[in-house]
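In case you want the letters, here they are:
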Amino acid sequence: MNRDKPGVRRAVFTPVDTLARVDAVVRRLGDAIDLGLLADGEQLPGETDLAAQFGVSTVTLREALMALRQQGLVITRRGRGGGSFVTVPDGPAEDRLRARLSDWSTEELRDLADHWAAVSGAAARLAAQRTDPEDLRQLRRSLGELAEAEGTAARSRILGRIHVELAAAAQSPRLTREEVTFRTELGALLRLVLGEDECLKDLADRHRAVISAVHDGAGERARALAEQCVQTSMARLIELRLGSADGERGPCPKEGSHESQSPSRKSRSGSS
């Protein structure tokens, strides 16, 4: 069992704060299923409890469950012992994730990248100021596990854990909660990036540089490097969302910013 799984699972069922509440619930639960945070065959909380945890109406919750059933991610059984149960469909997870990525607009991805980069950068800067070098052992172990992990689901869980541990090293409960939320909201989609060996190595090297800066107490350097880690991952997701004319993947972005994908330089037609 993942060491951080209880905290992440709690974040799965926190209230959603978007106007498209049905889509938000579908994304949250779908990503949690693809990440393995919700196991195949696991029973979800009852509709009333689940709606309350998400902060939505039971009507909204039922619409979301209907969408999940149509995607083959949930089955509902009636009668005694019934309820809604997780079901992991057969077929490549990457195909499901690419379909889910298409539900995000590039504007949403850019906005999320800016928010996540700000949180991760602040956490890294504070960690450099507040944590003792010997307290970074767990972060270094997690980084080693990332390089050795097999499968995109495992890699995504470990990458998320690194960000959560960095926020914890900043001794900021709020930043830690934010990182947990980002993991539940975005972790599954990052599997599309982490399946590429070149990108995995690049991200591992970048995170290693962040930890070294934190160890040295170099707060501003740690902040800048942490922001670049996020922007590099998100730039790749945006590239995948936009797609290429021939359908082939391009190389992993080398820059730490997604400026090259900004609305002023790209057609907004890809954000619909």
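Residues numbered from 1 in each chain as written. Predicted model: local features only at pLDDT ≥ 70, side-chain atom pairs only at ≥ 80, totals over all residues. Heavy atoms only, no water.

Draft legend 1. Representation of the overall build of the chain in the model. Helix and strand content of the chain: 12 helices and 2 strands. Tracing the chain from N to C terminus, the helices and strands come up as α-α-α-α-β-β-α-α-α-α-α-α-α-α. Looking at the 272 residues of the chain, the share that counts as buried comes to 49%. Entry remark: accessible area of the chain is about 12,900 Å², with carbon and sulfur atoms responsible for 48%. (Helix = DSSP H or I, 4+ residues; strand = E, 2+ residues; numbered from the N terminus. Buried < 20%, exposed > 50% of the residue type's maximum accessible area, 1.4 Å probe, protein only. Areas by Shrake-Rupley, 256 points an atom, 1.4 Å probe, with all protein chains shown as cover.)

Draft legend 2. Up close: the confidence of the model for the chain. This prediction gives the chain a mean pLDDT of 82; 81% of its residues lie at or above 70. The secondary structure element of the chain with the lowest average pLDDT is helix α1 (residues 5-12), at 62, and the one with the highest is helix α6 (residues 106-130), at 96. pLDDT under 50 marks residues 256-272. Its contacts with residues more than four places away, or in other chains, come to 35 contacts. (pLDDT = per-residue confidence, 0-100. Contact = heavy atoms within 4.5 Å.)

Draft legend 3. Just the side chain of E179, in detail. Mapping E179 onto the fold places it in helix α9 (residues 173-186). Buried within the structure, E179 lacks any salt-bridge partner; its nearest side chain of opposite charge belongs to R183, at an N-O separation of 9.5 Å. Setting aside residues up to four positions removed in sequence, E179 forms contacts with W116, V119, S120, H163, V164 and A167. (Lys, Arg positive; Asp, Glu negative; His and termini not counted. Salt bridge = Lys/Arg side-chain N within 4 Å of Asp/Glu carboxyl O.)

Draft legend 4. Layout of the packing of helix α11 (residues 197-215) against helix α12 (residues 219-242). The contact between α11 and α12 brings their axes to 8 Å, and the two run at 165°. Here α11 is positioned roughly antiparallel relative to α12, judged by the angle of their axes. Read as a crossing pair, α11 and α12 show a hand that is left-handed. Contacts from C199, D202, L203, R206, H207, A209, V210, A213 and V214 of α11 reach α12 at R221, A222, L225, A226, Q228, C229, T232, S233 and R236. Tallied by class, residues from the contact of α11 with α12 come to 10 nonpolar, 4 polar and 4 charged. (Axes fitted to C-alpha atoms, helices over the stretch in contact; angles between N-to-C directions. Parallel < 35°, antiparallel > 145°, perpendicular 65-115°, else oblique. Left-handed = near helix turned anticlockwise from the far one by under 90°. Nonpolar A, V, L, I, M, F, W, Y, C, P; charged D, E, K, R; others polar.)

Draft legend 5. View of the packing of aromatic side chains. With the rule as written, the count across this model stands at 1 aromatic pair. The interplanar angle of 35° and the centroid separation of 6.0 Å between the aromatic rings of W116 and F182 together place this pair among those described as tilted. Note that W116 is positioned in helix α6 and F182 in helix α9, a separation of 66 residues in sequence. In this structure F182 comes out as buried when scored by relative accessible area, which is 5%. Above the ring of W104, the side-chain terminus of R27 is found at 3.9 Å from the ring centroid. (Phe/Tyr/Trp six-rings, centres within 6.5 Å; stacked < 30°, edge-to-face > 60°. Lys NZ or Arg CZ within 6 Å of the ring centre and 35° of its normal.)

Draft legend 6. α12, seen in detail. Its 24 residues place the ends of α12 34 Å apart at the C-alpha level, agreeing with the 34 Å of an ideal helix rising 1.5 Å per residue. G243 lies just past α12 and shows a positive phi near 75°. (Expected span 1.5 Å × (residues − 1).)

Draft legend 7. Structural detail: the pattern of salt bridges. Going through the model one piece at a time under the given rule, you end up with 15 salt bridges. D205 is the salt-bridge partner of K201, the closest N and O atoms lying 3.0 Å from each other. Here K201 pairs with D205, and both are found in helix α11, just 4 residues apart, close to one helical turn. You can call K201 exposed: its relative accessible area is 55%. When its relative accessible area of 35% is taken as the criterion, D205 is described as partly exposed. Among the ionic contacts, a cluster of salt bridges with common partners joins E145, R161 and E165.

Draft legend 8. Summary view of the side chain of S172. Structurally, S172 is set in the loop between α8 (152-169) and α9. Among the polar contacts made by the side chain of S172, one reaches the main-chain amide nitrogen of L175 at a distance of 3.2 Å. (Polar contact = N/O pair within 3.5 Å; in protein donor to acceptor, adjacent residues only side chain to side chain.)

Draft legend 9. Focus on unusual backbone geometry. At Q171, a residue that is not glycine, the phi angle is positive and equals roughly 60°. By secondary structure assignment, the location of Q171 is in the loop between α8 and α9. For Q171, a relative accessible area of 52% puts it in the exposed group.

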